[in-house]
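Fold and geometry: a report
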Amino acid sequence: MATFGTLSDRLTETFRNLRTKGKLTPADVDGTVREIRRALLDADVALVVVKEFTAKVRERALGDEVSKALNPAQQVVQIVNEELIEILGGQQRRLQFAKTAPTVIMLAGLQGSGKTTFAGKLAKQLEKEGHTPLLVACDLQRPNAVNQLQVVAQQAGAAIYAPEPGNGVGNPVQVARDGVEVARRQQHDVVIVDTAGRLGVDAELMKQASDIRKAIDPDEVLFVIDAMIGQDAVNTAKAFQDGVDFTGVVLSKLDGDARGGAALSVASVTGRPIIFASTGEGLDDLEAFHPDRMASRILDLGDILTLIEQAQQAFDEEEARKVAEKLATESFTLEDFLDQLQQMKKMGSMKKMLGMLPGMGQMKQQLDQFDDREIDRTEAIIRSMTPAERRNAKILNGSRRLRIARGSGVTVTEVNQLVQRFEQAAKMMKTVARGGVPSIPGMGSLGGKPGASSKRGNKQKAVSGSRSGNPAKRAAENAGLAASAPSAPTGSGFGLGGGGGAAQPSEADLAEIQKLFGKG
């Protein structure tokens, strides 16, 4: 996640230095804790939180659970992970719905924190879950705030109650009260009340928010905070807690490039859980906040569960079953490949999804260079083929590939690379669908140790080398053989290099992937 990128890099580097040590001395622990403290402070985490966090890590790292561990370095990483989960709130907290509809949700926060956009995102998510939300426009102060909420509601496909034009006209407390009554009459089971913000905390803002809360008695008061505002996030959160009190926190703009560590402090300082995280500008870019998964992302341990959940939402179960059958019978075509690409696009940014894989922090440069439009170019190439060519890639001769390249605005080389990647991807997916372990170009088999090769492969290499008794001639002949041998394609099917140092998926991860192909 972009906001915590620097913090993640610093912590990962600190733990990498630990892994070279077979046994940890008190000096090693102190040095590690000192680096963690610097990383957290540089990321704008509140000082009181940093002190408490590092004290707990140091105490546990010097205890028996590390000194008696087979791998002390991994044990320290586990301790940091567990303590990170604690300061992020511990357990996941979901929205609490009223026993008798409608459930009233009030949004509070400073101007520009993203309340109005979040209102639309929440409405759209609740619609998907079968609810009938009603948005209520109570921000009658900010210019065009009512119009903005109307546009967002239309995009989200949600109903809206906006009797006042805003721009300084109307009574927000009365609108909020009437909005709840309208929702009750029209049988909306959720009311989302968008309130006004200010550029800074002041008495007028707090009084208006407090009056609205008293008038509607909300079931949830969500404090929306910009993850990019730095140390002031803690002071703002405290001020809203004292003036209005809130039941949960929403982190917005987590896709930004700020240090964002202040967001880590909010749950710990206020004692209120983080419920949602906004990860982009689109109305679908909203995630339920899981402290354990966020901690894993920060420590570059990946977030496979969220990735699988997004895949399950985007992929049709019946379609996945058909694809699994085609893979098993080796009848997977470019047409099927195109369908899968289109379903992957529904999941959102490919760069964001790849960032959820374990160890991808080590490939940050490749991820930054990755262009999501590559999928669009791939789609254009396949669409430039005839139905017969999509169903049977073997008939793609030179003249056909030239025609496809011209039709899609790419080079023949790019068409050749696509066909080659398709064949590799089909083989890998077929292996996974049958319960096997795929071999990724540039990385070897995921099931074996990095760098390990079979005896048979070693034997073949030995036989294929020069047998000349002249050392100079033998070296020259071996060099010629290496130059003429076809090179293995480097990188994955999405243009990323495959470094051997990347973390390997566990058996549980592979089992979940197999479920996506209908074999679970």
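Everything discussed here concerns the structure shown above.
Quick summary incoming for the structure in this document.

Reading guide: rules and limits
Residues numbered from 1 in each chain as written. Predicted model: local features only at pLDDT ≥ 70, side-chain atom pairs only at ≥ 80, totals over all residues. Heavy atoms only, no water. Helix = DSSP H or I, 4+ residues; strand = E, 2+ residues; numbered from the N terminus. Buried < 20%, exposed > 50% of the residue type's maximum accessible area, 1.4 Å probe, protein only. Polar contact = N/O pair within 3.5 Å; in protein donor to acceptor, adjacent residues only side chain to side chain. Contact = heavy atoms within 4.5 Å. Axes fitted to C-alpha atoms, helices over the stretch in contact; angles between N-to-C directions. Parallel < 35°, antiparallel > 145°, perpendicular 65-115°, else oblique. Left-handed = near helix turned anticlockwise from the far one by under 90°. Nonpolar A, V, L, I, M, F, W, Y, C, P; charged D, E, K, R; others polar.

A word on the side chain of Thr270
Within the fold, Thr270 resides in helix 11 (residues 262-270). For Thr270, a relative accessible area of 6% puts it in the buried group. Here Val266 takes part through its backbone oxygen, which lies 2.7 Å from a polar atom of the side chain of Thr270. Residues contacting Thr270, with those up to four places away along its chain left out, are Ala237, Gln241 and Phe246.

So, the packing of helix 5 (residues 72-87) against helix 12 (residues 291-298)
For the pair helix 5 and helix 12, interaxial distance at closest approach is 8 Å and the crossing angle is 130°. The angle between helix 5 and helix 12 falls in the class oblique. For the element pair helix 5 and helix 12, the recorded crossing hand is right-handed. Two secondary-structure elements touch here, helix 5 through Asn81, Leu84 and Ile85 and helix 12 through Pro291, Asp292, Ala295, Ser296 and Ile298. When the residues that make up the contact of helix 5 with helix 12 are grouped by side-chain class, the tally is five nonpolar, two polar and one charged.

Some points on unusual backbone geometry
The amide bond that connects Ala101 to the next residue, Pro102, takes the cis arrangement and shows omega of 5°. Tracing the backbone through its elements, the reader meets Pro102 in the loop between helix 5 and strand 1 (103-108). Although it is not a glycine, Gln187 sits at a positive phi angle of roughly 60°. By secondary structure assignment, the location of Gln187 is in the loop between helix 8 (172-185) and strand 4 (190-194). Positive phi values are uncommon outside glycine, yet Asp245 reaches one of about 70°. Given the relative accessible area of 27%, Asp245 is considered partly exposed.

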